Amino acid sequence: MRIEGKNYKTIWFDKNSKNVKIIDQTKLPHEFKIKELETVKDAINAIKVMEVRGAPLIGATAAFGIVLAIKENNDLNFIKKSSEELVKARPTAINLQWAVHRVNNKISMIKSEKLFDVALNEAELICDEDEKFSEKIGKNGLKIIEEIYQKKKNTINILTHCNAGWLATIDWGTATSPIYHAHKKGIPIHIWVDETRPRNQGANLTSYELNEEGVPNTIIADNTGGILMQRGQVDMCIVGTDRTLSNGDVCNKIGTYLKALAAYDNNVPFYVALPSSTIDWNLKDSRDIPIEERDTKELSHIDGMLGENKIDSVQIYPKKSKAMNLAFDVTPAKYVTSLITEKGICDASKDGLKKLFNK
Ligand code: MRU
């Protein structure tokens, strides 16, 4: 997708420097900065501090993290230890362990002099696949938007939470891919962008990327969606996911569940867009999903632009107050209208997923 008219991917390997390049998302929307990751420690840190974020992108970064580990030291123990640290960097999104296992499987029987090339090839394959899957999610989700448009014949209002845009993937995004496809087709759409406290991924990232692609959007405080739905000002919701269980339960950014409840109460269809790399086929009970609890400084402080060119952080809570910062919640399958995947659209249920993925 484009930034100031130029096409970018969120991550790529630079053959000259043999480093990995990323867009530093902690600086957006105020500053667009490309950062180089030289070591596996850099990759782990980028995931932890959310220079990269979003389930598919942290998976891809972890895959490249193994490539960087091999570049430093191709001893198998070092690769194993690095892989474990990469998986631990963020616990909730399944893509992280999925990508690390995938690269490790690929290199398991490979001679040491070939390890780097084989791992790099696999990391790049993960990125290419993710991009294709996101594009397919867009084409599949477009059918839903077209159906609504045929009935409404007027601007379609879509609510989204967090950033499940191209910045969270390699390109296109998951929740935003149907939106970009509809916009390119000329269907009039307008997006309600949940601010998404505390890290404000909606306001800082989703609105930013929609602006760059010329998609009309309005940022709303997280608690606004309910009244908009009651007033008939939301035609559909589309969100992403960090882990979807085989029974259709969806774990996503904190606040998704409350939006799904409001949508259910107001008969607003609630869609979840995901690539198959985000499905956890093993875990049976969503209460067993590790929910990341992050630093409370993300609540008590807020970053912003100070003057013309300085990004700074200010304290917004009483210093003595306690805070709690759970990063994700689970939306039970019964509140999800359908899942939009690269293979097609299905019920958020065991049967729905089983049929689509032949599992
Ligand atoms: O904490 P983040 O910013 O990594 O959370 C991201 C989300 O919750 C996204 O909605 C999800 O990963 C889907 S991304 C395609």
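A word on the overall build of the chain
Next, step 1: Within the chain, the secondary structure is distributed over 11 helices and 18 strands.
Next, step 2: Of all 359 residues assigned to the chain, the portion counted as buried reaches 54%.
Next, step 3: Long-range contacts, defined as pairs at least 24 residues apart, comprise 74% of the intrachain contacts of the chain with a sequence gap of at least 6.
Next, step 4: The average position of the 50 basic charges and that of the 48 acidic charges among the side chains of the chain differ by 2 Å.

Thoughts on helix 3 (residues 76-88)
Next, step 1: The terminal C-alpha atoms of helix 3 lie 19 Å apart, and with 13 residues this matches the ideal 18 Å at 1.5 Å per residue to within 8%.
Next, step 2: Among all positions in helix 3, only I79, S82, S83 and L86 are buried. When helix 3 is viewed along its axis, its buried side chains cluster within an angular range of 105° and face the same direction. Within helix 3, the exposed residues directed more than 90 degrees away from the buried face are N77, K80, K81 and K88.
Next, step 3: In this structure, the buried residues of helix 3 make contact with helix 1 (40-48), helix 2 (55-72), helix 4 (95-107) and helix 5 (115-152).
Next, step 4: The opening residue of helix 3, the one whose side-chain oxygen lies 3.2 Å from the backbone nitrogen of N77, is D75.

Concerning the side chain of S277
Next, step 1: Here S277 shows up in the loop between strand 12 (270-273) and strand 13 (279-280).
Next, step 2: Classification of S277 by relative accessible area gives buried; the value is 8%.
Next, step 3: Within polar-contact distance, the side chain of S277 engages the side chain of N95 at 3.1 Å.

Considering a nonpolar patch on the surface
Next, step 1: Where nonpolar side chains cluster on the molecular surface, the patch consists of I291, M324 and L326 and spans about 250 Å² of accessible area.
Next, step 2: Mapped onto the secondary structure, M324 falls in the loop between strand 15 (310-315) and strand 16 (328-331).

As for the sheet that holds strand 5 (residues 34-37)
In a beta sheet, neighbouring strands pair by backbone hydrogen bonds and run either parallel or antiparallel.
Next, step 1: Taken in spatial order, the 3 strands make up an open sheet running 3-4-5, and their pairing is antiparallel. Either end of the sheet is taken by a strand with one partner, and the two such strands are strand 3 (11-14) and strand 5. Going across the sheet, the axis of each strand differs from the next one's by a mean of 30°, ignoring polarity.
Next, step 2: Direction of pairing for strand 3 relative to strand 4 (residues 19-23): antiparallel, over a ladder of 4 bridges. Bridge assignment links I11 to a residue of strand 4, and that residue is I22.
Next, step 3: Seen against the sheet, helix 2 touches strand 3, strand 4 and strand 5 and runs at an angle of roughly 20° to strand 3.

Considerations on the domain arrangement of the chain
Next, step 1: Taken domain by domain, the chain consists of domain 1 (2-129) and domain 2 (136-357).
Next, step 2: Taken together, the contacts link 34 residues of domain 1 with 35 residues of domain 2.
Next, step 3: Together domain 1 and domain 2 conceal approximately 3,000 Å² of surface at their shared face, both sides included; 55% is due to carbon and sulfur atoms.
Next, step 4: Measuring nitrogen to oxygen at the nearest pair gives 3.0 Å for the salt bridge that ties E213 to R2.
Next, step 5: Where the side of domain 1 that touches domain 2 is concerned, the elements lending two or more residues are strand 1 (2-3), helix 2 and helix 4.
Next, step 6: Top element by residues in the side of domain 1 that touches domain 2 is helix 2. It accounts for 4 residues.
Next, step 7: Of the residues belonging to the side of domain 1 that touches domain 2, the class tally is 18 nonpolar, 8 polar and 8 charged.

Remarks on the environment of I107
Next, step 1: Looking at the secondary structure, you find I107 in helix 4.
Next, step 2: Given the relative accessible area of 5%, I107 is considered buried.
Next, step 3: The sequence separation of I107 and E122 amounts to 15 residues, and the corresponding C-alpha distance is 9.1 Å.
Next, step 4: Beyond its immediate stretch of four places on either side in the chain, I107 contacts I66, I70, I79, L115, V118 and A119.

Digging into unusual backbone geometry
Next, step 1: Of note, the bond from L28 into P29 is cis; its omega dihedral lies within 30 degrees of zero at 10°.
Next, step 2: Mapped onto the elements of the fold, P29 is located in the loop between strand 4 and strand 5.
Next, step 3: The peptide bond linking R197 to P198 adopts the cis configuration, its omega dihedral lying at 5°.
Next, step 4: Despite not being glycine, E4 shows a phi value in the positive range, around 45°.
Next, step 5: If you trace the backbone, E4 turns up in the loop between strand 1 and strand 2 (6-7).
Next, step 6: Given the relative accessible area of 73%, E4 is considered exposed.
Next, step 7: In this model, C162 sits at a positive phi of 65°, which is unusual for a non-glycine residue.

Focus: the site of the ligand
Next, step 1: Close contacts around the ligand come from 19 residues, with R53, R90, Q201, D242 and K253 the closest.
Next, step 2: Residue G54 places a main-chain N or O atom 2.9 Å away from an oxygen atom belonging to the ligand.
Next, step 3: Backbone polar atom of A55 to an oxygen atom of the ligand: 3.0 Å apart, as the coordinates give it.
Next, step 4: When the free accessible area of the ligand is taken as 410 Å², the share hidden by the protein chains comes to 99%.
Next, step 5: Counting residues per element, the ones that place at least two in the shell around the ligand are helix 2 and strand 11 (250-253).
Next, step 6: Looking at the shell around the ligand, its residues break down into 7 nonpolar, 8 polar and 4 charged.
Next, step 7: Structurally, the shell around the ligand is a two-domain feature, drawing no fewer than three residues from each of domain 1 (2-129) and domain 2 (136-357).

Basis of the calculations
Residues numbered from 1 in each chain as written. Predicted model: local features only at pLDDT ≥ 70, side-chain atom pairs only at ≥ 80, totals over all residues. Heavy atoms only, no water. Helix = DSSP H or I, 4+ residues; strand = E, 2+ residues; numbered from the N terminus. Buried < 20%, exposed > 50% of the residue type's maximum accessible area, 1.4 Å probe, protein only. Contact = heavy atoms within 4.5 Å. Lys, Arg positive; Asp, Glu negative; His and termini not counted. Charge placed at Lys NZ, Arg CZ, Asp CG, Glu CD. Expected span 1.5 Å × (residues − 1). Arc of directions from axis to C-beta. Polar contact = N/O pair within 3.5 Å; in protein donor to acceptor, adjacent residues only side chain to side chain. Patch = residues over 30% accessible without salt bridge, like charges linked within 9 Å, V, L, I, M, F, W, Y side chains within 5 Å. Areas by Shrake-Rupley, 256 points an atom, 1.4 Å probe, with all protein chains shown as cover. Salt bridge = Lys/Arg side-chain N within 4 Å of Asp/Glu carboxyl O. Pairing = 2+ DSSP bridges. Axes fitted to C-alpha atoms, helices over the stretch in contact; angles between N-to-C directions. Domains from an automatic or database assignment. Buried area = accessible area lost by both parts, 1.4 Å probe. Nonpolar A, V, L, I, M, F, W, Y, C, P; charged D, E, K, R; others polar. Near = heavy atom within 4 Å.

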